[in-house]
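Given next are the chains, with one letter for each unit.
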Amino acid sequence: MSGHTALAPTSTAAKRKEARTVIMSSYLGSTIEFYDFLLYATAAAVAFPKVFFAGTDEWVGVVAAYATFAAGYIARPLGGIIFGHFGDRIGRKGMLIISMAMMGIASTLIGLIPGAGVIGPWGAVILVILRVCQGIAVGGEWGGAALMALEHADPKRRGFAASFVNAGAPTGAVLGTVVMGIFSALPQEAFLAWGWRVPFLLSFVLLIVGMFVRLRVSESPIFAEAVAKESAQSTKRKIPLLEVLKRPKALIMIMFAGAAGFGLQVVLPTFSVTYAVSKGAPQQGVLYAFAGASAISILFVLLGGRLSDRFGRRPVMVTGLALFILYLFPMFGMLSSGNVALVFLAFTVALVLHSSLYGPLAAFVSEQFGTTNRYTGAAVGYQLATLIGAGFTPGIVAGLYKDAGQSIIPVVVFLSAMSLVSIVFILLTRESKNNDLSTVS
């Protein structure tokens, strides 16, 4: 246990109060992390092609910018391994503090990178390096935040408690998109020169707020009890990653079960924003439409988690994915209308459907592992799902769209196939809502 770790409260009332504090801390921390991480997605759609890949064909620049975006997703499993290892050996809280600091510093530095006109291709190189740092940080953040919420919660409300962590993603998206939308109202020359940088520089302010809150919470009681039990029995601590890899089935199931959720999630603020703007909708209006839809979806993410406590994780997740497949053609039809109101409706329905998958996902993933390897297993499994589902999807769909003469049909086919694969793996994975989290391995 780390020396700065506070002890968990013992009375029932104190435990409930602490659980609420931890859940809100996890929500706030996740919001800040995803503000930084998803802000990059918006910038990749509206600024990076022109700032770091100036002089290329419009859609070639978009694909190149999405390639740098993918670097963060490639790095996320590495973050899950590193932070998961120490989170299972030392404690959840300390790793969350480090991951937040790493994310905030990397994001702030992105706002300071000179463009291609100043340092040529080196700007893109530095961008990729900092994006990798973002990926490592968010790879460690999610697992710790989810486990802190899950392991402090009432067993009958674990899905709801853990959904607050995933609710941080749309909240962060709202903040990032609104801030970027405000600065996108500047004249194009000013926006590309300095306007897009300000949202990244604001990350440092959010970092200070997040660190203040995170330092005040106690360590996970389930983890503390597991460590105490091992110490009392003089049990030799095992390497968490090796324990997870000895039984890889859970990891593989999680990876493919969650992939489509991340693929669909990341297509919205990247390709879909670019697509709607290319069809005549004003850029600022599209950004605000996505922000408004994301704000509405926050409540539905929490509702998805709550429904999963009652009906099970799998039924709620499969229903959301199946409905999203049916919705893909109507969604792109509305996005191509050039009408901001229809674009807003398209994003809103999409995110509401996605929420029924995303809300239960944190609990679904974390409940598959024992206490002393849960951070590693959940973080690595979740981040591998983001890698295969989201890391390359924006670039793939942009490439498909370009190669098909700007036809949306290949994009819909690709996203539908990805969703069907995830449905199959969700159904093959055991229902987890009644699992005993106190099991050590």
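Data block above holds the structure.
Quantities reported herein were computed from a predicted structural model and do not represent experimental measurements. (Residues numbered from 1 in each chain as written. Predicted model: local features only at pLDDT ≥ 70, side-chain atom pairs only at ≥ 80, totals over all residues. Heavy atoms only, no water.)

Caption draft 1: Local environment of the packing of aromatic side chains. Enumeration over the complete set of coordinates arrives at 20 aromatic pairs. The interplanar angle of 90° and the centroid separation of 6.2 Å between the aromatic rings of Y27 and F164 together place this pair among those described as edge-to-face. Here Y27, found in helix α1 (residues 12-46), pairs with F164, found in helix α7 (residues 158-184); they are 137 residues apart in sequence, far enough to count as distant. For the residue pair Y27 and F164, the accessibility class agrees, reading buried in each case. Ring geometry for F262 against Y382: centres 4.8 Å apart, planes inclined by 80°, an arrangement best described as edge-to-face. Of the two residues, F262 is situated in helix α13 (residues 249-278) and Y382 in helix α17 (residues 374-391); the sequence distance between them amounts to 120 residues. Residue classification places F262 among the buried positions, given a relative accessible area of 3%. Judged by relative accessible area, Y382 falls into the buried class, the value being 1%. Taken together, the ring pairs in this structure connect Y40, F48, F52, W196 and F200 into an aromatic cluster. Positioned above the aromatic ring of Y40 is the side chain of R131, whose terminal nitrogen or guanidinium carbon lies 4.2 Å from the ring centre. (Phe/Tyr/Trp six-rings, centres within 6.5 Å; stacked < 30°, edge-to-face > 60°. Helix = DSSP H or I, 4+ residues; strand = E, 2+ residues; numbered from the N terminus. Buried < 20%, exposed > 50% of the residue type's maximum accessible area, 1.4 Å probe, protein only. Lys NZ or Arg CZ within 6 Å of the ring centre and 35° of its normal.)

Caption draft 2: The arrangement of the packing of helix α16 (residues 340-366) against α17 in detail. Interhelical geometry of α16 versus α17 gives an angle of 135° and a closest axis separation of 8 Å. The angle between the axes of α16 and α17 places the two elements in the oblique class. On the side of α16, the interface is formed by Y358, L361, V365 and S366, while α17 contributes R374, A378 and Y382. Grouping the constituent residues of the contact of α16 with α17 by class yields five nonpolar, one polar and one charged. (Axes fitted to C-alpha atoms, helices over the stretch in contact; angles between N-to-C directions. Parallel < 35°, antiparallel > 145°, perpendicular 65-115°, else oblique. Contact = heavy atoms within 4.5 Å. Nonpolar A, V, L, I, M, F, W, Y, C, P; charged D, E, K, R; others polar.)

Caption draft 3: Main features of the nonpolar core. Within the largest apolar cluster, 125 residues are counted, with the highest numbers of intra-cluster contacts made by F48, W196, F271, M331, F332 and F347. At 14 residues, α13 tops the list of elements feeding residues into this core. (Core = buried A, V, L, I, M, F, W, Y, C linked by side-chain atoms within 4.5 Å.)

Caption draft 4: Up close: helix α4 (residues 92-110). Helix length check: α4, at 19 residues, gives a terminal C-alpha distance of 28 Å against a target of 27 Å (1.5 Å per residue), a fit within 8%. Where burial is concerned, most of α4 is hidden: 14 out of the 19 residues are buried. (Expected span 1.5 Å × (residues − 1).)

Caption draft 5: View of the environment of F256. As for its position among the elements, F256 is in helix α13. Here F256 falls in the partly exposed class, since its relative accessible area comes to 29%. Residues contacting F256, with those up to four places away along its chain left out, are I388, V421, S422 and F425.

Caption draft 6: Highlighting the pattern of salt bridges. Summed over all chains, the structure comprises ten salt bridges. Between R158 and E367 there is a salt bridge whose closest N-O contact spans 3.0 Å. Of the two residues, R158 is situated in helix α7 and E367 in the loop between α16 and α17; the sequence distance between them amounts to 209 residues. Across the pair, E367 and R158 agree in class, each one buried. What emerges from the salt-bridge pattern is a single network uniting R158, R306, D309, R313 and E367. (Salt bridge = Lys/Arg side-chain N within 4 Å of Asp/Glu carboxyl O.)

Caption draft 7: Examining the environment of S278 more closely. Its place among the elements puts S278 in helix α13. For S278, a relative accessible area of 38% corresponds to the partly exposed category. Distance in space between the C-alpha atoms of S278 and A385 is 30 Å, their sequence separation being 107 residues. For S278, the side chain forms a polar contact with the main-chain oxygen of Y275, separated by 2.7 Å. (Polar contact = N/O pair within 3.5 Å; in protein donor to acceptor, adjacent residues only side chain to side chain.)

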